Structure formats: structure tokens, C-alpha cells
Amino acid sequence: MKIASADVVISSPGRNFVTLVLKTDDGLVGLGDATVNGRELAVASYLRDHVAPILIGRDAHAIEDTWQYLYRGAYWRRGPITMAAIAAVDVALWDLKAQAAGLPLYQILGGRSRNAIRAYGHAYGTDLDELTDSVRALLEQGFGAVRVQVSTPGIGGGYGVAEAGDGGYEPARGQRPVEEPFDPGRYVRSVPAMFDKLRNTFGPELDLLHDVHHRLTPIQAARLGKSLEGYAPYWLEDVSPAENQAALRLVRQHTTVPLATGETFNSVFDYLQLFADQSIDYVRSSVTHAGGITGLRRILDMAAVGQVKSAIHGPTDVSPVGLAAALHLDLALHNFGIQEFMQHVDLTFEVFDVGYSFANGYFQPGERPGLGVSLDARAAERFPYRAAYLPVGRLLDGTVHDW
Ligand code: EZ4
Ligand code: CO
């Protein structure tokens, strides 16, 4: 089974996605997600201009060899663009191998380790009443775990909160980055009030998650963690900028609130100090941004040594291809924790046909051979690329802030 063609499809059914399509000489089609939010065209060029030409004729079964060939062979290792490109090739090859075997991908990854994949949904509101309604809507869909984000009083907007009339939260939403104000003091004071309201309304059983989105200094984050302990959050995510691994050690020394990080990471090397220090509880990397199934499994095997669990990133900018890859891995992993589920809009499914399903708070990857996802290339042409950027944060005095 040799790789006969490698094409990149850029399409925007609701938001931008970059998909690698590998075809083999015996007619199989494998898909990989290479979407890097706000930098889509850079990965598309990396794949089209530098990777596709050297893949043609290679053995499609040689997944580890191809991963190492692209990772070590490029000389310039790691980085979000390189690792997303490698991830797309890796996932497409796993898709092909499983299809060639006539098995759903999770079977090739070791088979089922659990009956179903627990997921958390996203709730948000511009105030606590709106947030409470948003949580209730997710409970009606069967979620038992919910990420909760609310606008900071006196500031408005806020990470993870849709503007009125947006039709749902979408992090990339401007031809240029939208500039949003942020005030750490007001924010840190508002979060305990949010947890207080939600615990009083929904009781102790509901798992509540909160994403700080890298915005605090280590000592601000430590104080936030301490102030939330009585509400028993499931986790606090990305409390401080993720590239400073020592920051999480400081936070950890001050609070027993579980910590999650890693959605911006792309390699096992980003986690070395965090694992050695036992600073985190959940790995947030996506299949798409951390070198594919091969790259992410390397991270998660290392995580397992310290009882750290998976929480694979599943925002809308991870395409249905990237989400399907995550679900197959989730089912097969031993140290699975939870899966993020930020639902794609209906338009997305005009391009992607998926075999996975969600019901009562749990996913199934489905039993179709391979990933179980197909891409309609004709439909994709109807949704050309549209520039869309993530927001930039500014403190109230105008200083660009961690985001
Ligand atoms: O901001 O995926 O946990 N999820 C998140 C996401 C990220 C976007 C960035 O592309 O923090 O919403
Ligand atoms: Co996040």
C-alpha cells in the first residue's frame, strides 16, 4: 500500500479547516486534520509545498517511520505549524491502516478500554442568570460535566462568552484580532461568585470546569485556586502562560484544585518538567496540534506514569477529523480522563460526514473502518477560506496581556 497522492483541502463551513487527503495506490482515502486557528494557510503551505511531494510513493503502513522521517528529517523540530502538519500525515496514515484492516481505528490502537467516552460541554453567559440557563441546556442534553465561563462584571465580553446574536461562541472572530479588555483583579474576585451560584443551584454532583486561558500570574492563580477549593472544581485550566512550566509548580504548592494545561503544546518536551514536578492532573493537547496519534500517545503514556489523565482538546477549531481521531484514542487509552466537546455548527457537516455519535453525555467513535469520517470535496469548494483571528487581550491601561 503506497501513498499515491496528497492533497490539502482548505474549507470554511462555519469556520476554517485544513484537511490533508492521502490516497493510496489501492484506492483508499485517509484524512488528517491540520487546522491551526488563525494560521491555517501556513500549515497548508507546509503540507503542500514541503511534505506532499516527499510522501508520494512511500509505504502507507510505515506510520512510525514516516513520523520520525518528517520530525527528524526536517531538522527544524517541534513548533505548532510543523507538528500540526506531521499530525495530519500521522492521522491520515492511521486512518488508512485501520481501513486496510477493515477495523475501526480504536481496534488498531489496542481496542476498547471503556464502554463510552465521557465529555464535557461549554456553558457561558454575560451574567450569572444567563450562565445558569446555559448550564441547564447542557444538562438537558445529558452532560454531567460542564465548562463554565461568565463575563467579568464591569468589563463585559470575556473568554468563552458569546456576544448576543453570535449564535454560539467561536473563539476566532475577526478579519483582524478583536481587542478585548481584561482586569485580573476583577476577574479573580468574580470567579468564586460564579462557582457559589452554580453549586447552590445545581448541587455537588455536577462536574464544573473553568478555563482561565493563561491570564494570571502564578501567585494570582494560586490565590484563585485556594478561593475555589470549597466548591470542588473538576479542574482549573491554563491558569498561567503555559510556556513557563515552573509557574504550575508554584500554583500546585498552594492549592489542591486539579490543574489542566497543554492545549497550546505540541510535543512531549513541553510536558517534561510538569510531569517530573507532578504539577498537573490533565493533559489538554489535541491530536491535531501535538503530532497526531503517535505524538499524543507518547505524551499520554508518559503522563500515565504519574497518574495524569487525558483531557483531549476538542474546540470547534479541531475539525471533525481531529475530533474523530481523539475519540478513537479516548476509547483505547487506559489513562482517559474526559473529552472536551464544543459542538460544530450544522454547516460543518455539509463537508464532513462522521461516524461518531454523542448521547447522554457520552461519545462513541462508531464502528466504521478507520476514523469513520469522509470529506465531500465538492461541498468543500462552496466554503472558501475566510480570514479569522483569535482576539488579543489588553489590560485596562492598554498593555497587551497574556491570553
Ligand atoms: O481558545 O481552541 O479549551 N479550549 C479553549 C479553546 C481555544 C481555541 C483556540 O484556538 O481554550 O476555546
Ligand atoms: Co482551553
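Each remark here, short or long, concerns the structure printed above.
The rules behind the values
- Residues numbered from 1 in each chain as written.
- Chains lettered and ligands numbered in written order.
- Predicted model: local features only at pLDDT ≥ 70, side-chain atom pairs only at ≥ 80, totals over all residues.
- Heavy atoms only, no water.
- Salt bridge = Lys/Arg side-chain N within 4 Å of Asp/Glu carboxyl O.
- Helix = DSSP H or I, 4+ residues; strand = E, 2+ residues; numbered from the N terminus.
- Buried < 20%, exposed > 50% of the residue type's maximum accessible area, 1.4 Å probe, protein only.
- Phe/Tyr/Trp six-rings, centres within 6.5 Å; stacked < 30°, edge-to-face > 60°.
- Lys NZ or Arg CZ within 6 Å of the ring centre and 35° of its normal.
- Axes fitted to C-alpha atoms, helices over the stretch in contact; angles between N-to-C directions.
- Parallel < 35°, antiparallel > 145°, perpendicular 65-115°, else oblique.
- Left-handed = near helix turned anticlockwise from the far one by under 90°.
- Contact = heavy atoms within 4.5 Å.
- Nonpolar A, V, L, I, M, F, W, Y, C, P; charged D, E, K, R; others polar.
- Core = buried A, V, L, I, M, F, W, Y, C linked by side-chain atoms within 4.5 Å.

Participant: An account of the pattern of salt bridges is requested, with residue identities and associated values reported.
Facilitator: With the rule as written, the count across this model stands at 19 salt bridges. The partner of D211 in a salt bridge is R147, with the nearest N and O atoms 3.2 Å apart. Placement of the pair is D211 in strand β7 (residues 207-211) and R147 in strand β5 (residues 145-150), with a sequence separation of 64 residues. Summarising the burial analysis for this pair, D211 and R147 share the class buried. In this structure, E237 and R284 form a salt bridge, with 2.8 Å as the shortest nitrogen-oxygen distance. One end of the pair, E237, is in strand β8 (residues 235-237); the other, R284, is in the loop between β10 (282-283) and α10 (292-305), with 47 residues separating them in the sequence. A single burial state applies to E237 and to R284, both of which are buried. What emerges from the salt-bridge pattern is a single network uniting E237, E263, R284 and E340.

Participant: Pulling in residues and values, what's your account of the packing of aromatic side chains?
Facilitator: Geometry of an aromatic ring pair is reported as the spacing of the ring centres plus the angle between the planes. For the structure shown, the criterion picks out 20 aromatic pairs. An aromatic cluster of at least three residues, connected via ring pairs, comprises F143, F341, Y356, F358 and F363. Sitting over the face of the ring of Y69, R58 holds its NZ or CZ atom 4.0 Å from the ring centroid. The ring of W403 carries R215 above its face, with NZ or CZ at 3.3 Å from the centroid.

Participant: So, the packing of helix α6 (residues 184-202) against helix α7 (residues 218-228): which residues are in play, and what are the values?
Facilitator: For any two helices packed against each other, one specifies the crossing angle of their axes together with the interaxial distance. Where α6 meets α7, the closest approach of the two axes is 10 Å, and the angle between their N-to-C directions is 20°. By the angle between their directions, the pair α6 and α7 is classed as roughly parallel. The interaxial crossing formed by α6 with α7 has right-handed handedness. Across the interface between the two elements, P184, Y187, V188, V191, P192 and F195 from α6 touch Q220, R223, L224, S227 and L228 from α7. Tallied by class, the residues present in the contact of α6 with α7 amount to 8 nonpolar, 2 polar and 1 charged.

Participant: Describe the nonpolar core, and please don't skip the residues or the numbers.
Facilitator: One finds L47, V148 and V283 to be the most contacted residues of the largest nonpolar core, which totals 113 residues. At 12 residues, helix α3 (residues 80-101) tops the list of elements feeding residues into this core. Discounting residues that sit within four places of it in the chain, V148 has contacts with A123, L131, V135, M194, F195, L198, L208, L209 and H210. Y120, Y234, A260 and A311 belong to the second-largest nonpolar core, a separate cluster that totals 9 residues.

Everything listed here is a matter of coordinates, which is why it stays silent on function.
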